[in-house]
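Spelled out, the chains give:
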Amino acid sequence: MTKFVYQCSNCGKRYQRDEVRYLCPLCSRDYRSGIPLIGVLSAQFDYGAIRRKFSKVKPDWNQFSAVEEKFYPPLPVGNTPFFKTAALGNELGFDNVWIKNDGLNPSASLKDRASFLVVAEANRLKEQTIVAASTGNAASALAAVCAAAGKRALIFVPENAPKAKLVQMILYGATVVPVRGTYDDAFRLSLEYNAKRGGLNRNTAYHPLTIEGKKTVGLEIWQQNHWRVPDAILVPTGDGVIISGVHKAFCDLKAAGLISRLPRLVCAQAEKSNAIHHYVESGIYENAAHPDTIADSISVSIPSNAHMARQAILESGGFSITVSDAEILEGQSTLAAKTGVFAEPACSAVVAALKKLRGSKRLGHSEQIVLLITGHGLKDVDAAMRGIHLPKAVEPTLAAVEVALKARAKKGAR
Ligand SMILES: [Zn+2]
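Residues numbered from 1 in each chain as written. Predicted model: local features only at pLDDT ≥ 70, side-chain atom pairs only at ≥ 80, totals over all residues.

A short note on the nonpolar core
Across soluble globular proteins, nonpolar side chains have a tendency to be buried as a group.
Part 1 of the argument: Core analysis: the largest hydrophobic core is formed by 121 residues, its most contacted members being L142, I155, L234, V235, A349, V350 and A353.
Part 2 of the argument: When near neighbours in sequence (up to four residues on either side) are disregarded, L142 contacts S115, I130, A132, A153, I155 and R202. (Core = buried A, V, L, I, M, F, W, Y, C linked by C-beta atoms within 7 Å. Buried ≥ 20, exposed ≤ 12 C-beta atoms within 10 Å, placed from the backbone. Contact = placed C-beta atoms within 7 Å.)

The following block contains the structure:
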């Protein structure tokens, strides 16, 4: 760990580590349920100390961590594969497309990174219960890390969360409370619970270390890319915390003098869950009225980290784009068929987005483009089923197989 202070992303006021726990006390006075969070904190490190000590020969990533290593939970997260995919690039019309497959984390999503650091913080603070509201992935991630660390996870989840995610949470031993309502209702409820009953809250952006945890994916991309900064990173965006975390990684590296430019961040949202997209395009914030999308992980009416996410996208020189559910399903199928990576609908949005950007000149044909895959497809098989037809069974004879294959070839199916 390197020494750090928290800085308010709204008013700029700085706080010592143990002076605050969640939001800036001054700015959050104006926060009320139904709007994005105000006064989200950002950890600002002693970048001079990092610059003096960091070595590419023997990189010590704990230097970028806001919690001491001795508090880390015993469940390794991160170090997921990063690789070039020529076949997908050719299909989408770009020369230099890379995948960071964070669906291969222990609970099968990038959210393990945030849960890891918040549970480390709970160890430091000697808090035994960690509370979260989530559409599914953050909660299954918290449940997994809590299981490894011997902590209690109390989870508020919208009742329509995909079953596989609920099953994960319960098997990991979490206390799961399905809520009749949206993610935003679950979010509010979890804050009310903490205020009355104590424990540590892991809500995304509300706890500043969720952003710090997620930034590790950006640090890894830099290392795996042989210490080069990619030209653009496409990020599936719901509440705006992952995109803020990726940006924070490269801002930290720049502040420490290790890189000289930032990657452009491309925010990919679902058409109806587009509050951040609209905010980036127009400068005016409005909740997404009906954020219905097949991509449950990025379905959100009131993105908690909208302000920081917009700033991250603009500062990076990036932009935002939306895709329809049909495009998302097509993206999921293209990604799986061309790369062998089965991603959940939310992150398939980046594949759909890249397809849409072909020929638009917003991304150069030979620029290095990274698609951030944030969750595994097996987490929501029901969604994937909507885009495919399962073949009927045949009699167990070769003749029957040949008839069936011929019929499929006629229809252009596999
Ligand atoms: Zn403030």
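Comments concerning the sheet that holds strand β12 (residues 319–323)
Part 1 of the argument: Strand order in the open sheet formed by six strands is β4-β5-β13-β10-β11-β12, and the pairing between neighbours is mixed. The strands lining the two open edges of the sheet, one partner per strand, are β4 (82–84) and β12. The mean angle between the axes of side-by-side strands here comes to 25°, regardless of whether they run parallel or antiparallel.
Part 2 of the argument: As judged from the five bridges shared by strand β5 (residues 97–101) and strand β13 (residues 369–373), these two strands associate in the parallel manner. Bridge pairing in β13 links N101 to I373.
Part 3 of the argument: Sitting on the sheet, helix α12 (residues 345–357) touches β10 (232–236), β11 (264–270), β12 and β13, and the angle it makes with β10 is about 130°. (Pairing = 2+ DSSP bridges. Helix = DSSP H or I, 4+ residues; strand = E, 2+ residues; numbered from the N terminus. Axes fitted to C-alpha atoms, helices over the stretch in contact; angles between N-to-C directions.)

Remarks on helix α5 (residues 163–171)
Part 1 of the argument: Among the residues of α5, those classed as buried are K165, Q168 and M169. Down the axis of α5, the sector holding all buried residues measures 95°, keeping them to one side. In α5, those exposed residues whose orientation departs by more than 90 degrees from the buried face are K163 and L171.
Part 2 of the argument: Against α4 (137–149), β7 (152–158) and β8 (175–179) lie the buried residues of α5.
Part 3 of the argument: Immediately beyond the C-terminal end of α5, within one or two residues, lies G173, with a positive phi of roughly 95°. (Arc of directions from axis to C-beta.)

Some thoughts on the packing of helix α7 (residues 209–224) against helix α8 (residues 241–255)
Part 1 of the argument: Between α7 and α8, the shortest axis-to-axis distance is 7 Å and the interhelical angle comes to 60°. Comparing their axes, α8 and α7 come out oblique. For α7 against α8, the interelement crossing comes out right-handed. Contact residues: α7 offers T210, I211, K214, K215, V217, G218, L219 and W222, while α8 offers V241, I242, S244, G245, V246, K248, A249, F250, D252 and L253.
Part 2 of the argument: Its residues placed into classes, the contact of α7 with α8 shows ten nonpolar, four polar and four charged. (Parallel < 35°, antiparallel > 145°, perpendicular 65-115°, else oblique. Left-handed = near helix turned anticlockwise from the far one by under 90°. Nonpolar A, V, L, I, M, F, W, Y, C, P; charged D, E, K, R; others polar.)

Things to note about the pairing of β7
Part 1 of the argument: Counting buried positions over the seven residues of β7 gives six, a clear majority of the element.
Part 2 of the argument: Relative to β7, strand β6 (residues 129–133) runs parallel, the two being bridged by five bridges. Its bridge partner being in β7, A133 is matched across the sheet by F156.
Part 3 of the argument: Handedness of the β6-α4-β7 crossover: right-handed.
Part 4 of the argument: By the bridge criterion, five bridges tie β7 to β8 in an arrangement that is parallel. Its bridge partner being in β8, P158 is matched across the sheet by V179. (Right-handed = clockwise from strand over helix to strand, strands pointing away.)

Regarding the sheet that holds β8
Part 1 of the argument: Reading across from one edge, β8-β7-β6-β9 is the order of the four strands in this open sheet, with parallel pairing throughout. In this open sheet, the two strands that pair with only one neighbour each are β8 and β9 (200–201).

Quick look at the packing of α8 against helix α10 (residues 306–315)
Part 1 of the argument: It is at 8 Å that the axes of α8 and α10 come closest, and there the two elements cross at 45°. Here α8 lies oblique to α10, going by the angle between them. The interaxial crossing formed by α8 with α10 has left-handed handedness. Contacts between α8 and α10 involve I243, S244 and H247 from the former and M308, A309, A312, I313 and E315 from the latter.
Part 2 of the argument: Per-class residue counts for the contact of α8 with α10 are five nonpolar, two polar and one charged.

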